[in-house]
Structures are given as C-alpha cells and as structure tokens.
Protein chains: 2
Amino acid sequence: MLQKPSIPKGTRDFGPEEMSKRNYIFDTLGRIFRKYGYCQIQTPAMENLSTLLGKYGDEGDRLLFKILNSGDAFRDVDQACLDGGSNAVSLKVCEKGLRYDLTVPFARYVVQHRGELVFPFKRYQIQPVWRADRPQKGRYREFYQCDVDAIGTDSILNEIELLQIADEAFSSLGIDVCIHINNRKILSAIADLSGYPDRLVGITTAIDKIEKTGLDQVVAELRENGIDDRGISAIVPIITLEGGNRQKLDTLRQMLAGSQTGLQGIAEMDEILSLIACSGIKQEIKVDLSLARGLNYYTGSIFEVKAKDFQIGSICGGGRYDNLTGIFGLKDTSGVGISFGADRIYDVMEALGKFPANASACTEIMFANMEGSLRYIIPIASRLRRNGHAVEIFPEQCKLRKQFEYADKKGIRYVAIAGEEEMRSNEISLKDMRKGTQEKVFADNIEEFLQ
Amino acid sequence: MLQKPSIPKGTRDFGPEEMSKRNYIFDTLGRIFRKYGYCQIQTPAMENLSTLLGKYGDEGDRLLFKILNSGDAFRDVDQACLDGGSNAVSLKVCEKGLRYDLTVPFARYVVQHRGELVFPFKRYQIQPVWRADRPQKGRYREFYQCDVDAIGTDSILNEIELLQIADEAFSSLGIDVCIHINNRKILSAIADLSGYPDRLVGITTAIDKIEKTGLDQVVAELRENGIDDRGISAIVPIITLEGGNRQKLDTLRQMLAGSQTGLQGIAEMDEILSLIACSGIKQEIKVDLSLARGLNYYTGSIFEVKAKDFQIGSICGGGRYDNLTGIFGLKDTSGVGISFGADRIYDVMEALGKFPANASACTEIMFANMEGSLRYIIPIASRLRRNGHAVEIFPEQCKLRKQFEYADKKGIRYVAIAGEEEMRSNEISLKDMRKGTQEKVFADNIEEFLQ
C-alpha cells in the first residue's frame with residue numbers, strides 16, 4: 001500500500017526556516033501584548049456548531065468545517081432525511097465544527113467563564129482558524145490569527161493602548177505603517193445624513209472599497225444599493241475629505257452638526273488624537289473617513305493598519321463592539337480589539353528583508369564525528385549546552401566532506417574537529433564556515449569564539 | 001436566540017494562569033530541543049484520511065475525527081449507500097481527518113519534502129492532536145504532544161542525545177525522574193527463546209503491564225496468548241532480573257547467548273550506558289527488561305520516563321524505528337524519537353509545586369486612573385514599557401477601591417497613584433500590594449523599585 005503523500009488543499013507544512021520566522025513574529029507580538037497587561041488564553045479547535053452557526057452570515061455558515069460525530073453517525077439518517085439536502089443531513093450527523101475565527105470563541109469564553117474572570121478582561125490569543133474558502137494565492141484553509149482584546153470597559157484608554165501596541169509591534173518588526181482610524185458612529189451619522197439610516201451596512205460595504213476600486217465604483221455600488229443622488233452627494237464629500245487629522249475632524253464637526261451620534265464619534269476620535277500625542281507613538285496615525293471595515297459588530301472606533309512600503313492590503317485591524325457577548329447572554333458589555341494578520345506580516349517582512357539574519361539560525365557549532373573522538377567531544381558539547389549554546393555532534397562517522405556539507409546546508413557557523421593531535425593537546429580545530437578560516441583553540445576557550 | 005455557552009466534551013479552555021504554566025513547559029522543552037540542533041516544524045491540523053487510516057489499528061481508525069467535505073457533501077449518497085453502514089458513508093462524505101498523533105504526519109512530511117530536507121533531519125513539533133476517545137479524568141479529546149525525532153541515521157549517538165534532552169528537560173522543570181531503557185531486539189530474542197517468535201506483539205503487550213498489574217497477571221495474559229509453561233519459564237526470569245544495569249546486561253548476555261539479534265540489542269544498550277557515563281546525565285537511567293511500550297513500529301532502543309515523587313505513569317517515552325516512512329514510499333530510513341506528555345508533566349509540576357512563583361505573573365505595575373492624571377501617567381507608562389516592563393493603566397476613572405481590587409485579583413505587585421500633589425512634585429505614590437506599604441518616589445526612579 002504505497003502512497004504518494006500530500007496534504008489537503010489550502011493547508012501548509014511549515015519547515016524549520018519558516019517556523020523560525022513565524023515564531024519571530026508571534027514571539028514579538030506576544031511579548032508586546034504582555035507588556036500592556038494582556039494575558040494569553042487558548043480555546044479548543046472544535047466548538048459546538050450551535051456556538052458557531054449564525055455568527056458569520058450565510059456565507060460564513062457555508063465555510064465552516066464540520067466534524068462528523070463519532071460512533072454510528074448515520075444511524076438516524078434515512079432517504080427522507082437525504083431528500084432534505086446536504087445542509088439538513090450535515091446538521092444531523094455533525095455537532096461540532098472547527099473554529100472560524102477567534103472572536104466568537106472569545107465571546108463564548110468570556111460568557112462561560114465570567115464568574116472566574118477579572119474584568120476588565122484583557123486577553124490575547126494566537127491560534128489557527130479554519131475556513132472552507134476556495135484556496136488561492138495568499139488565502140488558506142488553515143491560518144493563524146493573533147487577536148488582542150479588552151472587554152468589560154468602554155474607556156477610550158483601551159483604544160489608545162491598542163494603538164500603542166500596533167505602533168510598537170510594527171516598529172519592532174521593522175515595518176513602516178500608516179494606522180487608519182475612523183468611528184462607526186460617524187459612519188452611522190453619514191447614513192442618517194444621506195437619508196438612508198437603515199442602509200448602514202450597504203453604505204459601509206460600498207465605502208470600504210474606495211481604496212481598492214476608486215470613487216466611481218463606490219458611487220456605482222451606492223446607487224445599486226438604492227441610494228439616490230441626494231444621498232450620494234451627502235456621502236461623497238465626507239469620505240473624500242482631505243487635510244490633516246484635526247482639520248478633517250473640524251470640517252466634519254460642521255457637516256454632522258445635527259447628529260448627536262456623529263458628534264459623539266467625532267469627540268471620541270478627538271480624545272484619541274489628543275491622548276496619542278503624549279503616548280510616544282511613532283508610526284503615522286491617519287483619520288480616514290472612508291474606512292468602514294466589513295464586520296457588522298463594530299459600534300465605535302475602527303482601525304486598520306497598512307504597510308507603507310509594500311502593497312498587500314490591511315495587515316492589522318479591529319475596533320470597538322458594544323454587544324459581542326450578547327448572543328451568549330451577557331448584555332451591555334463593551335469591548336475593543338485588534339487582530340494581526342500573521343501571514344501578510346510574514347510576506348511584508350520577507351519582501352522587505354526585515355527578518356533578522358539569525359531568525360532562522362538554529363545550531364551554533366557542530367562537532368565532526370571522527371574515529372575515537374566521541375568520548376572526548378561529548379563532555380565538551382555537554383558543557384557548551386549547559387552554558388546555553390546550541391550544539392550538534394554529527395551522528396555518523398563518515399567522510400568529513402559529508403559532515404561539512406550537512407553543517408553548510410543547515411547554516412551552522414562553526415565546525416569543530418578533534419583528531420588525535422587535538423585530543424592529545426586538549427584542543428579543537430575550529431572551522432569558521434562563513435569565513436572559510438580554521439584555527440586550533442583550547443577546548444576550554446571555545447566559548448570565546450562563539451560570542 | 002440565547003445560548004448557554006459550552007464546549008465539546010473532552011476539550012478544554014486554557015485561561016491566563018494555565019497558559020502561563022503550559023508555556024513555561026513548552027518554552028523550556030523548545031529551548032532545550034533547539035540546543036541539541038532540533039528545529040521546529042508544524043503540519044496542518046487536517047490530513048487526508050488516506051494518510052491517517054490504517055496507521056493506528058482498527059481502534060485508531062475508529063477514534064479519528066473525520067471532517068465533512070465542504071459543498072454538497074451528500075450529493076452521491078443514496079439509500080443503498082446508507083445500507084452499507086456508517087463507516088462506508090463516512091468515507092464517501094469525508095476526505096480529511098484531524099491528526100491523531102505527530103508521528104504519522106512527521107513521516108508524511110519527511111517523505112513529501114525529502115528533496116528539500118537536510119539529512120539526518122532533526123525536528124521537534126509541539127501541536128495538539130485529536131482523538132474521539134471516551135473522555136475521562138486525565139484523558140482529553142484534544143491534547144498537545146511534544147515530539148522530538150532524528151531521522152535518516154541509525155547512530156546510537158541520537159539515543160544518547162535524546163536521553164540527554166530528557167535528562168536536561170526534567171532537571172530544568174525540577175522533576176526527579178527515572179529513565180527506563182530497553183531494546184526491542186532483546187524482546188524479540190526473548191520471544192524466540194520462549195519458542196513463540198511469531199507472538200512478539202502478544203508477548204510485549206503482556207510484559208508491558210508488569211508494573212501496573214504485577215507478575216501474576218502477566219503470566220496469566222501470556223498463557224491466554226497461548227504461550228506454554230516452557231515459554232513462560234523462559235520469559236519470567238528475564239523480565240524479573242534484579243541488580244545494577246551492567247549486572248543485568250551481563251546475565252542477559254549469557255541467557256541470550258544463542259541469539260544474534262539479542263546480542264546486538266545488548267551491545268546497543270552497552271554502548272548507550274558507556275557513552276552516557278561521559279555525557280553529564282544526572283537523572284537515574286535504569287535498564288528495565290520488562291519495558292515493552294505498546295507501539296509496534298519500534299525496532300531498537302525504547303525509553304520511558306517516570307516521575308519519582310508522583311505516581312502518574314509514563315511522562316515521556318519513545319524509541320527507535322527502522323521503517324516509519326516505508327508506508328509513504330521511503331524505505332530503510334532509521335530514526336529515533338521521544339514524546340513528552342505535556343498534560344501529565346503539568347499535573348506532576350502542579351502537585352509537587354514546581355512551577356516558579358512568577359510563571360503566571362503578568363503585569364508588574366498598574367497605574368490607577370484618577371481625574372486629570374492620564375496625561376501625566378501615559379508618558380511614564382510608555383517609558384517603562386519601552387524599557388521592557390509590563391505595565392497597565394486602569395481603564396476607568398472609578399473608586400480606587402475597585403482599582404486596587406483589580407490589581408489584587410490579577411496579582412499585580414505595585415499600584416502607582418498620581419494625585420494632584422504627586423503631579424506637582426513630579427512624583428508617584430507607589431503601593432506595594434504584597435507588603436501593604438506605600439511610599440512616594442520620583443517618577444524617574446520607578447524602575448529602581450521594580451527590580
């Protein structure tokens with residue numbers, strides 16, 4: 001039974017070099033999240049379908065990976081059941097699904113554990129999610145999300161904190177970004193102003209595409225959504241406002257003077273800009289009134305981060321939601337969060353050469369394996385490891401050429417050789433694979449060379 | 001649509017404290033694996049069922065979580081198909097399953113990527129696996145495995161390395177252990193000696209239980225397996241051999257003098273003991289001729305680690321396999337690996353109080369949020385974070401009592417308060433939550449207090 005091995009489409013293996021680079025991103029993010037008091041949690045890969053269904057729209061429901069019940073799953077399935085269609089049958093034979101994002105499991109977690117948690121609850125979560133999307137370049141069926149959220153407070157300070165986190169994260173990773181900010185209350189006021197307060201979703205969905213498709217397409221889509229010329233002429237001047245952040249807010253304050261909601265959104269943005277000024281944020285912050293973000297649970301601030309030197313769309317985004325946990329029975333609980341797109345961040349860093357040279361380095365020094373040398377080199381290798389060095393001993397006594405080849409392919413900087421001569425004088429011949437040089441050092445002095 | 005939130009049985013949420021402790025274990029293991037030149041890989045949660053089925057026996061096949069095909073999964077299912085039973089239907093509607101362990105995906109990975117890998121290939125992998133086992137205390141349907149393997153070499157040096165890794169790992173985690181070692185070649189010679197060379201699996205399965213159930217039960221099970229009295233009287237003296245490691249091997253060498261395979265197994269054990277003597281291993285190594293380990297793909301050395309001060313069974317184990325990748329088309333590739341049981345290690349450390357006190361600490365200092373203080377404390381907090389400290393600002397201006405309560409529950413050591421007086425003199429009142437003391441310090445001097 002010989003098989004040509006493969007993995008399901010849209011999934012990936014990560015080899016040593018990719019893992020080192022991915023860990024570099026995850027470790028950097030985790031370290032920064034913790035510096036702001038966010039603690040890590042993990043939830044199971046499988047959630048009950050009742051937790052997941054209906055939370056992501058019809059399209060989302062369709063994209064859930066469902067898990068067949070164990071045991072005799074089809075016991076109660078008959079022809080009549082089959083006649084009901086795949087969807088009905090699947091609900092009869094599947095109770096669980098793979099998580100689709102980290103937001104719904106987070107909401108479920110907060111409600112389920114509300115008695116044990118300290119509120120405001122600040123958590124981060126770095127785990128894979130699964131979607132049965134059609135795989136294509138840059139879109140996978142299994143990918144990691146890195147979410148950081150504070151829930152149980154409506155303080156604008158959380159927005160500041162998340163902006164500081166985004167600022168510090170991208171500065172640490174070496175990516176110059178522009179952080180776009182907007183507020184759903186402003187978008188809501190715009191919908192009111194257009195005369196179609198009930199079409200907020202259609203309007204924001206259209207507005208959201210201005211950067212991708214241009215203003216003409218947005219206008220066309222607004223029209224398709226039934227917004228008339230008067231409405232469009234109310235929306236367009238706002239989403240195309242030019243000028244500095246303060247200037248935009250000042251103009252907007254006049255345009256939305258009649259809307260209590262709009263003015264509150266402006267006041268929130270104003271407070272954010274004001275506090276940011278003393279927070280030490282280095283990356284660019286831009287008030288972007290065309291920023292809408294697709295997800296409908298946002299109710300206040302919204303954010304999106306874009307790399308300046310590489311075109312790839314949003315690499316981080318989020319916002320405030322006032323009723324995320326409501327569906328699970330915990331009402332009036334405001335929260336705010338952002339999510340980092342690990343795959344896109346990886347691609348940006350790879351394209352711009354931002355991974356540190358040693359991000360994928362593993363072993364510092366390899367001892368060649370020569371006749372009769374094991375009892376000499378094992379204690380030396382053990383001592384180096386005790387002092388924190390990454391050390392290998394080539395496992396087989398074979399031609400030195402083959403051993404050097406291994407070290408070279410694995411990017412190991414130093415190869416140590418102990419022949420009879422070296423062993424007699426308590427030395428090691430140390431070859432620097434990068435420089436091509438070789439010299440003898442006393443076994444006790446190897447560590448000085450590894451600095 | 002109100003739902004009482006829950007998670008599938010046999011799965012777990014990990015909160016902040018558990019995550020810190022689990023990360024402490026994973027980080028310790030990963031750091032040590034890398035010191036020996038093992039590099040991390042990750043494989044997808046979903047594998048093709050063709051990769052998984054038939055690799056774990058009938059019981060294993062039954063315990064695989066299968067994933068329903070996306071789209072119209074039941075299009076080709078009719079009554080005739082239903083009549084074939086759940087198993088046949090499931091294979092028609094499911095192409096993928098969740099990984100059951102890390103060993104088969106590793107073998108699949110090595111064969112699929114053989115062209116890109118540097119051999120001997122040394123990898124570690126820390127990821128969850130899923131099994132549809134009946135959940136019970138200490139047994140979960142989702143749990144992490146931590147595997148470390150070297151493949152593409154039959155050098156005994158890899159065994160030494162893995163024993164060093166186990167030694168260093170448990171020493172670092174503060175657990176005193178006994179590392180039991182044996183060799184499948186010896187077990188095979190014992191089966192020969194008993195007169196039933198073809199019943200190796202039945203014999204090893206019986207022997208394996210000696211510690212759990214005692215010798216009488218083992219003898220009873222051997223008899224059930226059809227081993228006669230002559231056979232049993234050949235097996236029992238070997239698996240009950242007493243004495244030191246060398247002594248056992250010497251006696252065994254005489255008992256198995258007629259078996260080429262047996263003598264080779266003894267020679268391998270001998271070489272391991274000899275090289276270990278110069279490797280600096282501190283934990284106890286015990287030749288245990290009753291150690292069999294259930295998995296049938298082992299062909300040489302086998303290991304099992306047990307905690308000395310806590311009864312919980314094996315917390316780490318593994319062995320050498322000579323044909324793991326054969327099923328995927330790569331023949332004659334020897335490898336050796338061990339797997340750490342993270343959940344059991346966690347339980348041992350918890351029971352023995354071995355987690356460091358700060359393993360679950362998160363935030364070092366929290367700034368209270370008082371009227372008009374934000375613009376004073378944000379820059380101070382930012383500076384502390386820039387220097388690597390974990391800092392929170394309480395998000396809401398509420399009663400100090402409530403703010404202190406939050407710090408207390410979250411285990412935050414210091415709370416900083418900036419009232420009007422402090423702000424005038426460029427100071428901060430610093431409350432030590434552990435000692436209950438409070439004193440004023442200049443804002444510039446806070447870091448000295450956090451040491």
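Residues numbered from 1 in each chain as written. Chains lettered and ligands numbered in written order. Predicted model: local features only at pLDDT ≥ 70, side-chain atom pairs only at ≥ 80, totals over all residues. Heavy atoms only, no water.

Turning to the overall build of chain A, a few remarks are in order. A count of helical and extended segments in chain A gives 19 helices and 16 strands. Computed over C-alpha atoms, the radius of gyration of chain A comes to 28 Å, more than 25% over the 22 Å expected from 2.2 N^0.38 for 451 residues, which places it beyond the range of a compact globule. Overall, chain A is about 90 × 65 × 45 Å in size when its C-alpha atoms are taken along their principal axes. Counting every position in chain A, which comprises 451 residues, the buried fraction comes to 59%. (Helix = DSSP H or I, 4+ residues; strand = E, 2+ residues; numbered from the N terminus. Rg over C-alpha atoms; globule rule 2.2 N^0.38 Å. Buried < 20%, exposed > 50% of the residue type's maximum accessible area, 1.4 Å probe, protein only.)

What follows is about the pairing of strand β9 (residues 298-307) of chain A. Side chains on a regular strand alternate between the two faces of the sheet. All names here are of chain A. β9 sits mainly inside the fold: nine of its ten residues count as buried. Strand direction decides the pairing type here: β9 and strand β10 (residues 314-321), joined by six bridges, are antiparallel. Looking at the pairing, F303 lines up with G318 of β10. The antiparallel pairing of β9 with β10 creates a hairpin that spans six residues between the two strands, and G313 there sits at a positive phi of about 85°. (Pairing = 2+ DSSP bridges.)

Whether parallel or antiparallel, the strands of a sheet pair through hydrogen bonds between backbone atoms. Residues and elements named next belong to chain A. Taken in spatial order, the eight strands line up as β1-β5-β6-β11-β10-β9-β7-β8 in an open sheet, and their pairing is mixed. Of all strands in the sheet, those bounded by a partner on one side alone are β1 (39-40) and β8 (284-287). Packed on one face of the sheet, helix α1 (residues 16-35) meets β5 (121-130), β6 (142-151) and β11 (335-340) and runs near 5° to β6. Along the sheet face, helix α6 (residues 103-112) touches β5, β6 and β10 and points at about 135° away from the line of β5. (Contact = heavy atoms within 4.5 Å. Axes fitted to C-alpha atoms, helices over the stretch in contact; angles between N-to-C directions.)

Listed as interface residues are 108 residues of chain A and, on the opposing side, 108 residues of chain B. Buried surface at the junction of chain A and chain B, summed over both partners, amounts to about 8900 Å²; 60% is from carbon and sulfur atoms. Looking at the side of chain A facing chain B, the largest losses of area belong to K35, Q42 and R385 of chain A, adding up to 7% of the total buried there. Linking chain A to chain B there are four salt bridges. Its salt-bridge partner being E392 of chain A, residue K122 of chain B comes within 3.1 Å of it at the nearest N-O pair. At the junction of chain A and chain B, the tally comes to 41 residue pairs in polar contact (both at pLDDT 80 or more). When residues in the side of chain A that touches chain B are grouped by element, the largest group, seven residues, is from helix α16 (residues 374-386) of chain A. Its residues assigned to classes, the side of chain A that touches chain B comprises 50 nonpolar, 32 polar and 26 charged. (Buried area = accessible area lost by both parts, 1.4 Å probe. Salt bridge = Lys/Arg side-chain N within 4 Å of Asp/Glu carboxyl O. Polar contact = N/O pair within 3.5 Å; in protein donor to acceptor, adjacent residues only side chain to side chain. Nonpolar A, V, L, I, M, F, W, Y, C, P; charged D, E, K, R; others polar.)

Bringing the relation of the copies chain A and chain B into the picture now. For these two chains of identical sequence, chain A goes onto chain B by a turn of 180° and a shift of 0.0 Å along the axis, with RMSD 0.1 Å. Such a combination of rotation and displacement between the chain copies is what one expects of a two-fold axis. For chain A, the residue whose C-alpha comes nearest the rotation axis is I67 of chain A, separated from it by 2.3 Å. Interface overlap between copies: 100% of the residues of chain A at the interface are likewise at the interface in chain B, consistent with a symmetric, same-surface contact. (Least-squares fit on C-alpha atoms with pLDDT ≥ 70 in both.)

Residue and element names in this part refer to chain B. Summarising the element assignment, K185 is placed in helix α8 (residues 184-194). Between the alpha carbons of K185 and G265 there is a distance of 5.0 Å; along the sequence they are 80 residues apart. Setting aside anything within four residues of it in sequence, one finds K185 in contact with T261, G262, Q264, G265, E268 and T299. At a separation of 2.6 Å, a polar atom in the side chain of K185 contacts the side chain of E268.

Within the largest apolar cluster, 259 residues are counted, with the highest numbers of intra-cluster contacts made by F340 and F367 of chain A together with F340, F367 and I428 of chain B. Counting residues in hydrophobic clusters, the runner-up holds 14 residues, among them L98 of chain A together with A45, M46 and F65 of chain B. (Core = buried A, V, L, I, M, F, W, Y, C linked by side-chain atoms within 4.5 Å.)

With that out of the way, let us pick up the pattern of salt bridges. Opposite charge on two side chains makes pairing possible when the charged atoms of those side chains draw close. Within the structure shown, the criterion is met by 59 salt bridges over all chains. In this structure, the salt-bridge partner of R253 of chain A is D250 of chain A, at a minimum N-O distance of 2.9 Å. Remark: D250 of chain A and R253 of chain A occur in helix α13 (residues 245-255); sequence separation between them is three residues, near one turn of the helix. Overall, the relative accessible area of 40% leaves D250 of chain A in the partly exposed class. Taking the shortest distance from any N to any O, the salt bridge between R401 of chain B and E405 of chain B comes out at 3.5 Å. Note that R401 of chain B and E405 of chain B are positioned in helix α17 (residues 400-409) at a spacing of four residues, about one turn of the helix.

Cis geometry is adopted by the peptide bond preceding P120 of chain A, which originates at F119 of chain A and carries an omega value of -5°. Note that P120 of chain A resides in the loop between α6 and β5. You will see that D332 of chain B, though not glycine, has its phi angle at about 50°, which is positive. Note on placement: D332 of chain B falls in the loop between β10 (314-321) and β11 (335-340). D332 of chain B gets classed as exposed once you look at its relative accessible area, which sits at 74%. Located in the positive-phi region is N426 of chain B, a residue other than glycine, with phi close to 60°.

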